[in-house]
Amino acid sequence: MSVTPELPIIPKLKANAILNLLARGQRIDKRRLDEYREITIKTGYVPNAEGSAYVKLGNTQVLAGVKLEVGQPYADAPNEGVLIVNAEFIPAASPSFEPGPPDENAIELARIIDRSLREPRVIETNKLAIIPGKKVWIIWLDIYVLDHDGNLIDACMLASMTALMSTRIPAIDVNKETGEVTIKREETQGLLPISRLVTTVSVYKIGNYLVVDPNQEEEALSSARLSITVTEEGLIAGLQKAGLDHLTETEIEKAIELALNNAPKLITAIREAAKDIRAKEGINSEGG
Amino acid sequence: MSKLLVENRAMVFPGDVIAEGNNFEIATPYLKRIGNRVVATVIGLVTIEKDDRTTKLGLIPLEGCYYPKVGDLVIGIVIDIGVTSWLVDIRAPFPAVLNASDYLGKPYNPSEELSKYLNIGDVILAKIAQFDRGRDPLLTVQEKGLGKVVEGVLIEIKPSRVPRVVGRRKSMLSMLQEETRCQIVVGNNGRILLRCPDPEREAIAILAIKKIEREAHTQGLTERIKEFIIEQKIKRGLIGSGGGKGET
Amino acid sequence: MGVAAEKEKPKLIDEKGLRVDGRRPDELRPIDMEVGVLKNADGSALVKYGNTWVLAAVYGPREAVPKHMTLPDRAVLRCRYRMLSFSTHERKSPAPSRREIELSKVIREALEPAVLTELYPRTTIDIFIEVLNAHGGTRTAGVTAAALALADAGIPMRDLVAGVAVGKVDGIIVLDINENEDMYGEADMPVAAMPGLGRITLLQLNGVLTPEEFRVALKLALQGIKRIYDMQKEVLRHKYAVVEE
């Protein structure tokens, strides 16, 4: 069952201060309404992962990692690799996160990222068959929220995209007789084929104002959210409205505009962060 | 510029715009001002009362749960026995509390078993003494006629239809009692208690109440119900086919 | 969509510009609605968009169990969207899937903006949505059914909420996509709104659209929603039009 959440109580004085600033086009941390916090991306953060990225967005910290395994393809796509996305809001990240299986928020986040990667065919899964119809690469993308200070979706999307960009496919041995595949993780056969970059821009409605990248206090004050997936070509590749309130058609229009304006900066940040690893593997970071 | 978009007694549905403009007094939580409009939020009948200065808009809901109000008469069923009080189901989203001291009319000695006075399943007639948003409703039986109910028949209707069973200035209820010779107590929570002289009249009274419940949204209801009762009485041989008055 | 699109994708729009089930791009499937279909529930509705059949039941406002799951200033909405095990081609496991968990949230958030929860603090309003037969657009049919069930239960709402999914198939933006169009089309965009107030309460996109296509798709969805909304009002009115003797 999905249940109306208990919203964190923001002292009225603070709420009013935030709203009064928004009315003047400002934020509590001096940003403009359409401005992101400082983004730090560390690529290849976890040595044992095939690909990984740590992202710090303001004080929000997340870690995404990719492990590759050999497995069976889906019956309806026998020659394609398989992507599986999971997200976990670990209890260390916020007093409001509890141990246990992912709740609806973590599941929603993982599914938004999954769809954002799947629909625009970000990963060229058709190049990931090992033995067509029998053995393909399974891409496990796991995302952990380490510290929650707002805008988790965008932070997790940045980390996911960068982790995938930096993922190396391990070398394998295929036994010709048995068809058995052995992974040799100490060697690599190249980078995960990526066709295009995507990012999300989540737009939050606070009072009658639309802002991007809220911190936790601003997020607690917001009544609705629209997460917009944008490709490097400026296409819309996913949408998800959430929150207790509505959006008007005009607000949606404005949100799309905010997303299209902000996406190039975020995509550049991902590209920059993955540049070294992709250059080392002899592939430019423009994509596949 | 203010304008009314429906007539008195019009049936409305959630989202229907009742009026535009701000020169209206809204006398119900079921009408909501959204921007320049007055919007219906439940299925119900609009009431419009105009006087020289204001136009007062109301809405009688046709569906919905019973929500307690201080002063309401309710018929409750004891569902739990505590140390110093009973818990009573009144068909509201909250159970009601009846304190032993209120029921007994004197300070209560906790060494006594409360079940001696009221046990689980017992029916009580009570009034809502206190209710605010923070605490469960508190009942009182400290008025004449209130307390444990030991005889009669209990029926339930939708709480939203109670106003029609009572009628304007109790017109429907008086007619029902007069025509069926039943004593009828209508709880605001949609529970109704009948004490009737014989099973035939009891059956007629119940049929009539159920008919009011079904047809609560229609007009000319009191007359139709009266005719219905007379027909039923003739059918059951309680009166001759000559007319309704002067029942013997 | 997705991987399946690679394989044996059928033609979704024919030479005459008609869809696999013969509809024009801006045409809804045959829609049928019924209110008050369950005796025990405080409110209920059965809604059919073609072969997508969804039952919704509402209980409440009622006492919250457990009690600590209440809010001091408003009612709590609890929503469960579920597909019956035999509602799909392959049997669906009765255990809640990640998709059902997400959609329960998305549907709850489509209804929250409508319900005047502030009138009933410390209570819960339960909404159960059961997909009886799935053929595309189950979440939006579920929202439409749930709004009718809420109205039937007498729960105050700012407006009814109605939903429909639009999509892009063979390059054309179409209204009320069915299962085949969902599976093989380029995009699927479920939308729900309170049409009387012009407020959008559910918006998802699964697929890729240009910003211009998105605008066209949203407009088309809102037109479809308005028509479904008129049907909702009509079916409610009908319930009170006849008085059985």
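All figures in this text were calculated on a predicted structure; none of them were measured in a lab.

Parameters at a glance
- Residues numbered from 1 in each chain as written.
- Chains lettered and ligands numbered in written order.
- Predicted model: local features only at pLDDT ≥ 70, side-chain atom pairs only at ≥ 80, totals over all residues.
- Heavy atoms only, no water.
- Buried < 20%, exposed > 50% of the residue type's maximum accessible area, 1.4 Å probe, protein only.
- Helix = DSSP H or I, 4+ residues; strand = E, 2+ residues; numbered from the N terminus.
- Arc of directions from axis to C-beta.
- Contact = heavy atoms within 4.5 Å.
- Pairing = 2+ DSSP bridges.
- Axes fitted to C-alpha atoms, helices over the stretch in contact; angles between N-to-C directions.
- pLDDT = per-residue confidence, 0-100.
- Parallel < 35°, antiparallel > 145°, perpendicular 65-115°, else oblique.
- Left-handed = near helix turned anticlockwise from the far one by under 90°.

## Describing helix 3 (residues 171-180) of chain B
All names here are of chain B. Residues Met 172, Leu 173, Met 175, Leu 176, Glu 179 and Thr 180 constitute the buried set of helix 3. Looking straight down helix 3, one finds that the buried residues subtend no more than 160 degrees of arc, so they occupy a single side. Those residues of helix 3 that are buried lie in contact with helix 2 (162-166), strand 16 (183-186), helix 4 (199-214) and helix 5 (221-235). Immediately downstream of helix 3, the backbone of Arg 181 shows phi near 60 degrees, a positive value.

## Considerations on the sheet that holds strand 2 (residues 43-49) of chain C
The 6 strands are arranged 1(A)-4(C)-5(C)-3(C)-2(C)-1(C) in an open sheet whose pairing can be described as mixed. The open sheet has two free edges, formed respectively by strand 1 (2-3) of chain A together with strand 1 (31-35) of chain C, since each of these has just one partner strand. Bridge count for strand 1 of chain A against strand 4 (residues 76-83) of chain C is 2 bridges, and the pairing is antiparallel. The residue of strand 4 of chain C that forms the bridge with A:Ser2 is C:Cys79. Against the sheet, helix 1 (residues 98-111) of chain C makes contact with strand 1 of chain A together with strand 4 and strand 5 (123-133) of chain C, and its axis sits at roughly 135 degrees relative to strand 4 of chain C, the strand it touches most. Sitting on the sheet, helix 4 (residues 211-241) of chain C is in contact with strand 1 and strand 2 of chain C, with an inclination near 35 degrees to strand 1 of chain C.

## Some points on the confidence of the model for chain C
In this model, chain C carries a mean pLDDT of 94, and residues with pLDDT of at least 70 account for 96%. Here the prediction assigns the complex a pTM of 0.91, and the interface score ipTM is 0.92.

## Concerning the packing of helix 4 of chain B against helix 5 of chain B
All names here are of chain B. Contact geometry for helix 4 and helix 5: axes closest at 10 Å, N-to-C directions at 150 degrees. Between helix 4 and helix 5, the angle falls in the class roughly antiparallel. Of the two possible hands of crossing, helix 4 and helix 5 adopt the one that is right-handed. The residues of helix 5 that touch helix 4, namely those facing Ile 204, Leu 207, Ala 208, Lys 211 and Ile 212, are Leu 221, Ile 225, Phe 228, Ile 229, Gln 232 and Lys 233.

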